[in-house]
Amino acid sequence: MALPDMDTSVGHSFGLEIDGVVIKQINEVTGLKMEQDVIELKQNTADGKYVIKKLPGRAKAGEVTLTRGLTADNSFEKWIKDARFGKMATARKGGAIIVFDYEGVAIKRYTLVNAWPKSLEISSLKAGDTSVLTEKLVITYEQMDVA
């Protein structure tokens, strides 16, 4: 369902889709950005004035961090294990970060090309603590497309 004109979305729910499997229990996504180099072209004009033009350069690779509550699902661990042992043919995957509206309908998709897990961090384990245990997965990617 498309948003009405002049309406914006609330970041209600997020998901990670890898190999057609959607993990919807993501509660935070940070670092999601598209960036490219800037090339400075320094030259003189026909009348002798010095000017600097800025031109678009090559796209930069990026990293995104996903946080979710710790569950029995071990898909993050399986994926990072392949990267850790150098099985990059299976570790590099195409996937997407999906933003869902309050009805669970996908409203934005950030497609990641040649993504693989860089690190997995478990929150502090502290006796007597009542906070939710989380795991943070840092994914590096070569290119991001927005749809």
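Structure: see above.
On a predicted model such as this, the values are computed, not experimentally measured, just so you know.

Peer 1: Please provide a residue-by-residue account of the environment of L125, values included.
Peer 2: Note on placement: L125 falls in the loop between β7 (106-122) and β8 (134-141). Here L125 falls in the exposed class, since its relative accessible area comes to 70%. Sequence spacing of L125 and T45 is 80 residues, and the spatial spacing of their C-alpha atoms is 64 Å.

Peer 1: Give me the lowdown on a nonpolar patch on the surface, citing residues and values where you can.
Peer 2: A contiguous nonpolar surface patch, about 360 Å² in accessible area, is contributed by L70, I122, L125 and L133. Tracing the backbone through its elements, the reader meets L133 in the loop between β7 and β8. Residue classification places L133 among the partly exposed residues on the basis of a relative accessible area of 32%.

Peer 1: Account for the nonpolar core, with residues named and values stated.
Peer 2: By size, the foremost hydrophobic cluster in this structure holds 17 residues, and its most contacted members are L16, L66, L112 and I139. At the level of elements, β1 (13-18), β2 (21-30), β5 (62-69), α1 (75-84), β6 (93-100), β7 and β8 are the ones that each hand at least two residues to this core. In this structure, L112 is in contact with V64, K93, G94, G95, A96, I97, I139, Y141, Q143 and M144, ignoring residues within four places of it in sequence.

Peer 1: Tell me about the environment of T30, and please be specific about residues and values.
Peer 2: Within the secondary structure, T30 sits in strand β2. Note: C-alpha distance between T30 and I139 (109 residues apart in sequence) is 11 Å. In contact with T30, not counting residues within four places along its chain, are V64 and T65.

Peer 1: Describe the pattern of salt bridges, and please don't skip the residues or the numbers.
Peer 2: Under the counting rule described, the total for this entry stands at nine salt bridges. The salt bridge involving K54 is made with E40; its shortest N-O contact spans 3.4 Å. Here K54 is found in strand β4 (residues 50-59), whereas its partner E40 is found in strand β3 (residues 36-44), with 14 residues between them in sequence. K54 gets classed as exposed once you look at its relative accessible area, which sits at 59%. Two residues, E135 and R68, come together in a salt bridge whose shortest N-O distance is 2.6 Å.

Peer 1: Describe unusual backbone geometry, naming the residues involved and giving the relevant values.
Peer 2: A positive phi is found at N114, a non-glycine position, where the angle reads about 50 degrees. Topologically, N114 is positioned in strand β7.

Thresholds, definitions, all that
Residues numbered from 1 in each chain as written. Predicted model: local features only at pLDDT ≥ 70, side-chain atom pairs only at ≥ 80, totals over all residues. Heavy atoms only, no water. Helix = DSSP H or I, 4+ residues; strand = E, 2+ residues; numbered from the N terminus. Buried < 20%, exposed > 50% of the residue type's maximum accessible area, 1.4 Å probe, protein only. Patch = residues over 30% accessible without salt bridge, like charges linked within 9 Å, V, L, I, M, F, W, Y side chains within 5 Å. Areas by Shrake-Rupley, 256 points an atom, 1.4 Å probe, with all protein chains shown as cover. Salt bridge = Lys/Arg side-chain N within 4 Å of Asp/Glu carboxyl O. Core = buried A, V, L, I, M, F, W, Y, C linked by side-chain atoms within 4.5 Å. Contact = heavy atoms within 4.5 Å.

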